Amino acid sequence: ERHVMNRLAIFGGTSIRNKPFPAWPVFDQTEEDALLGVLRSGKWWRYAYSEAPDQVGSPQSKVAEFQEAFAHHQGAKYGIACANGTAALEVSLKALGVGPGDEVIVPPYTFVATATAVLMVNAIPIFADIDYETFALQPSSLEGAITSRTKAVIPVHFAGQAADLRAILDIAERHHLLVIEDAAHGHGGAWNGRGLGSIGHAGTFSFQASKNMTAGEGGLIITSDEACAALCESYTSLGRKSGAPWYEHYRLGWNYRMTEFQAAILLQQLKRLEAQNSKRRVNAAYLTGQLSQLPGIQTMRVPDYATRNSYHLYMFRLNEREFGVSRVNFLDALQKEGVPCSGGYAHPLYRNPLFLNRDFYNHDCPLTCGHYDGNVDYSTFEALCPNAERACREAVWLEHRQLLAEQEDMDDIVRAISKIYECRNEFSGNSGPVSP
């Protein structure tokens, strides 16, 4: 029996865990009541309220209520809800005047929407490397990527931890760049005590199914610029203008509206966000303290300016040579021990066929449409972004829902990783070579 317990589960031993981590999403009767309230009201769509906005006893739109509540929570004056986080990025770029011929600097270690949103407004994404210890945009690489065509930068608060905004904002100010914070992971997060998304010219959030707050889908833009907010509102609703006739359209816009059902759910999700994030931070700190003692496990740096980390992901890096197990085998073994995990992105964004083949629009727009006089070869970014390349080889991701468990569950994670290390010789003859 002891022999079976000491063997890795992947080779027939007994796994460390046989119980699940907390499920996601978290919901209860409050979400159910909120949805039924919208259903029974017959007001399923925000703009139905515009028919009689001043009518006595008319209920407030849930979308309007959520926009205001979330913007206030993050420290911004205005919130504009939309269909998803990708839409939020597109609309923000458009509202701030980014368009054909403009370059926008983005990190390559992020979800593809950070870069494709730039393409969707006919601008050109340029990749700058990440910091190896935080996986956020590296300020020195950002500055090195700036050209006369650079219009904006999109720092990503990856995994819920603030990017180095002081350095990024200083660079942006010197070069007269717009700053759009991609806070798709940053619900409730803060930089030097200020809510993520509220610091740059605009900030964007996602409420997709995996996020720390979710309605299945949804997005939101926050800003303290009144003119930007008005344009964002117009672009999300087919170019309409507040106070103008319904069938009067002032600019080319999208149909990117959020429904009342989504907003009703998100209002309830917001109420439990701080308590959930607080628990995530406690468990993340405990994990870091334990895992940092293990050979080959490199925990991520948490800078002083990251005053509230929402821990959408808990990440660490695996030094294969020091640990003695390849990452592929490590991930398989950890899963078999009952700990869900992944390696994250297989490669940086610029190595996707989308960019290598420049399969954007007909005739290679926006790179050859007459507005742009630069020359971009996305195959060259591999040499310019060594940290992003390394992150894709070494990262291990744990989901934020796992951090909603108890300390004994964190101990299981530590025991599972320790077991893999202690039994690493079991992989002899069963694994490929460990990367140098």
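Residues numbered from 1 in each chain as written. Predicted model: local features only at pLDDT ≥ 70, side-chain atom pairs only at ≥ 80, totals over all residues. Heavy atoms only, no water.

Asks: Lay out the overall build of the protein with the relevant residues and their values.
Replies: For the protein, the count of helices and strands is 15 helices and twelve strands. A compact globule built from 436 residues should have a C-alpha radius of gyration of about 22 Å, and the protein, at 23 Å, falls within 12% of that. C-alpha extents for the protein along the principal axes are approximately 75 × 55 × 40 Å. Contacts in the protein between residues at least 24 apart in sequence constitute 72% of all its contacts with a sequence separation of at least 6. Carbon and sulfur atoms form 51% of the exposed surface of the protein, whose accessible area is close to 18800 Å². (Helix = DSSP H or I, 4+ residues; strand = E, 2+ residues; numbered from the N terminus. Rg over C-alpha atoms; globule rule 2.2 N^0.38 Å. Contact = heavy atoms within 4.5 Å. Areas by Shrake-Rupley, 256 points an atom, 1.4 Å probe, with all protein chains shown as cover.)

Asks: Residue-level account of helix H9 (residues 260–291), with values.
Replies: Given a rise of 1.5 Å per residue, 32 residues ought to cover 46 Å, and the 43 Å separating the end C-alpha atoms of H9 matches this to within 8%. In the structure, H9 departs most strongly from a straight axis at Leu273, where the bend amounts to approximately 45 degrees. (Expected span 1.5 Å × (residues − 1). Bend = angle between axes of the 7 residues up to and from the residue.)

Asks: Any chance you could break down the sheet that holds strand S10 (residues 297–299) for me, citing the residues and the numbers?
Replies: With respect to topology, three strands assemble into an open sheet ordered S10-S11-S12, the strand pairing being antiparallel. Only two strands of the sheet have a single partner each, and these edge strands are S10 and strand S12 (395–399). Ignoring which end each strand starts from, the neighbouring axes of this sheet average 35 degrees apart. The pairing of S10 with strand S11 (residues 313–318) spans three bridges and is antiparallel. Its bridge partner lying in S11, Ile297 is registered against Leu318. Lying over the sheet, H9 contacts S10, S11 and S12, oriented at roughly 10 degrees with respect to S11. (Pairing = 2+ DSSP bridges. Axes fitted to C-alpha atoms, helices over the stretch in contact; angles between N-to-C directions.)

Asks: Describe in detail the sheet that holds strand S9 (residues 219–223), supporting the description with residues and values.
Replies: Read across the open sheet, the seven strands follow the order S1-S9-S8-S5-S4-S2-S3; overall the sheet is mixed. Looking along the sheet, the strands with just one partner apiece sit at the ends: strand S1 (78–82) and strand S3 (124–127). Along the sheet, successive strands turn relative to each other by an average axial angle of 25 degrees, direction set aside. Relative to S1, helix H8 (residues 226–236) is tilted by about 15 degrees, and along the sheet it contacts S1 and S9.

Asks: Can you tell me about the state of the cysteines, naming the residues and giving the values?
Replies: Within this structure, the stated rule accounts for one disulfide. Sulfur-sulfur distance for the disulfide between Cys365 and Cys369 comes to 1.4 Å. When its relative accessible area of 17% is taken as the criterion, Cys365 is described as buried. The closest cysteine sulfur to the non-disulfide-bonded Cys385 is located on Cys392, 10 Å from its own sulfur. (Disulfide = S-S within 2.5 Å. Buried < 20%, exposed > 50% of the residue type's maximum accessible area, 1.4 Å probe, protein only.)

Asks: So what's going on with the environment of Asn277? Which residues, and what values?
Replies: With respect to the secondary-structure elements, Asn277 resides in helix H9. Since its relative accessible area comes to 0%, Asn277 is described here as buried. Separated by 32 residues in the primary sequence, Asn277 and Asn309 place their C-alpha atoms 7.8 Å from one another. The residues contacting Asn277, other than those within four sequence positions of it, are His187, Gly188, Asn212 and Ser310.

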